[in-house]
Amino acid sequence: MNVLVLNCGSSSAKFAVINPVSGQEAVSGIAQRLGSKHASLDWKRNGSKESRPIPGAHHEEALRAVVALLHELGLADDLVGIGHRVVHGGSKFSGSMKITPEVVAMVEACIPLGPLHNPPNLLGIKVAQELFPTMLQVGVFDTAFHQTMPPVAYTYPVPHEWLEAHGVRRYGFHGTSHRFVARHALTLTGLPADDHAIVTAHLGNGCSCTAVRNGRSVDTTMGLTPLEGVMMGTRSGSVDPAIIGHVSTALKRSAQDVLDVLNKKSGLLGVSGLSNDMRTVEEAAAAGNARASLALDIFCYVLAKAIAGLVVPLGRLDALAFTGGIGENSVTVRARTVELLGFLGLTLDPALNAVHGRGQHGRITTGMRPQALVVPTNEELMIAMDTADIAQSAS
Ligand code: AMP
């Protein structure tokens, strides 16, 4: 029993065939550089990697190539469903949903909120429906986990008509990851399911933190879009919005151009001037590069402030879970952040911090409560589990 998980982005389509019970991946891969002559289908199976050129392929041809591959590998016949990552579900979805024409219409209605992500997500759904017309298709929304936030957390202090007429509110993202990591952290810490206060820190190319009270998101750092919150690889995170007016006047550029810079050329890349990759920034900082050093300092400082801020809705902190490429791998970011949060009762255990990394979960602080820990995320598995749950309840 397997689930095909699809994550269609603007120029790539990630896929994986996963057993939702064992978590085992039969194959995983990516069709990338779509629309270019260098488009390729790359996959990993039983530890070995393979690649196939699909020159000029767009999403449709790429997904056909993925399905052809699944047939070749004998993986197309025992699928119980297809789980689609959908980035923006607005306030329409508080959980994963079987895809129906009504659900497709609601995802379409969210396009103004997720103009870059929802169209390729919808394309993936459409093509998968054509290729597997009788198969269960499920939408798993990045925003859904955060629909439990109370109005005090999701309402911006702006004219209320903006919320009512244009949906201007905080939605939050990375929900699938935060949900998976909070669940796993609960198992690892042995905290009671009905009485826990956890902050999950998803630190990858995009970064966000969430306050999880008794399994529910009560606040998160991202907002209307994934630009708000902590510093990221290329995104600034929260800044004074007056910067947009100031810089667009100073540089004679449109507000949209400045917003693009805040999304694509800021964060670690903007401050260091070197890279959006934390590994490069850490190496340069260690070699004495002052701007890389400043970028690393700001990253940890802003992160620690955000985590501390999320203790307000929780009322206390039982556990802080680090995940994502940086959260799982950067010994330095974890150490610095935990040290800045010492006043909450967290004390780093440097030996434990050094051994826990990607694929290796565990506590990195001394003492049991509060504790900081590394919890590798697995959004694809969470999507597969949701799809299998819906398949089971439908049968
Ligand atoms: P993700 O989006 O979750 O795949 O995370 C990607 C980010 O993880 C990259 O931009 C890197 O900055 C970061 N990363 C991966 N490995 C390491 C590492 N060993 N040390 C520091 N950062 C890392």
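Below or above, wherever it landed, is the structure these notes cover. (Residues numbered from 1 in each chain as written. Predicted model: local features only at pLDDT ≥ 70, side-chain atom pairs only at ≥ 80, totals over all residues. Heavy atoms only, no water.)

Here we come to the pattern of salt bridges. For side chains of opposite charge, pairing can occur when their charged atoms come near one another. Scanning the entire structure with this criterion turns up 15 salt bridges. Close ionic contact of Arg 253 with Asp 257 constitutes a salt bridge, the shortest N to O distance being 3.5 Å. In this structure Arg 253 comes out as partly exposed when scored by relative accessible area, which is 38%. Here Asp 297 makes a salt bridge to Arg 336, at a shortest N to O gap of 2.7 Å. Here the residue Asp 297 occupies a position in helix 11 (residues 290-314), and Arg 336 occupies one in helix 13 (residues 331-340), the gap between them amounting to 39 residues. By relative accessible area, which is 36% here, Asp 297 ends up partly exposed. Within the structure, one salt-bridge network assembled from shared partners comprises Asp 195, Arg 213, Arg 316, Asp 318 and Arg 369. (Salt bridge = Lys/Arg side-chain N within 4 Å of Asp/Glu carboxyl O. Buried < 20%, exposed > 50% of the residue type's maximum accessible area, 1.4 Å probe, protein only. Helix = DSSP H or I, 4+ residues; strand = E, 2+ residues; numbered from the N terminus.)

Okay, the sheet that holds strand 6 (residues 79-86) next. Spatially, eight strands are ordered 5-4-3-2-1-6-8-7 in an open sheet, and the strand pairing comes out mixed. Each having just a single partner strand, strand 5 (48-53) and strand 7 (97-98) make up the two edges of the open sheet. In terms of strand pairing, strand 1 (residues 2-8) meets strand 6 through five bridges, oriented parallel. Counted as the bridge partner of Leu 6 is His 84 from strand 6. Contacts between helix 15 (residues 379-394) and the sheet are confined to strand 1, strand 2 (13-18), strand 6, strand 7 and strand 8 (137-141), with strand 6 contributing the most and set at about 125° to the helix. (Pairing = 2+ DSSP bridges. Contact = heavy atoms within 4.5 Å. Axes fitted to C-alpha atoms, helices over the stretch in contact; angles between N-to-C directions.)

For the ligand, the full set of nearby residues is Gly 204, Asn 205, Asn 276, Asp 277, Met 278, Arg 279, Glu 282, Gly 324, Gly 325, Ile 326, Asn 329 and Ser 330. Across the complex, the protein chains shield 73% of the 500 Å² of accessible surface that the ligand would expose by itself. Contributions of two or more residues to the shell around the ligand are made by helix 10 (278-286) and helix 12 (324-329). Per element, the largest residue contribution to the shell around the ligand is four residues, and it comes from helix 12. Here the shell around the ligand is built from residues that sort into two nonpolar, seven polar and three charged. (Near = heavy atom within 4 Å. Areas by Shrake-Rupley, 256 points an atom, 1.4 Å probe, with all protein chains shown as cover. Nonpolar A, V, L, I, M, F, W, Y, C, P; charged D, E, K, R; others polar.)

Counting through the fold element by element, Glu 379 comes out in helix 15. Lacking a salt bridge, the buried Glu 379 has Arg 85 as its closest oppositely charged neighbour, with an N-O distance of 4.5 Å. The residues contacting Glu 379, other than those within four sequence positions of it, are Thr 176, Ser 177 and His 202. (Lys, Arg positive; Asp, Glu negative; His and termini not counted.)

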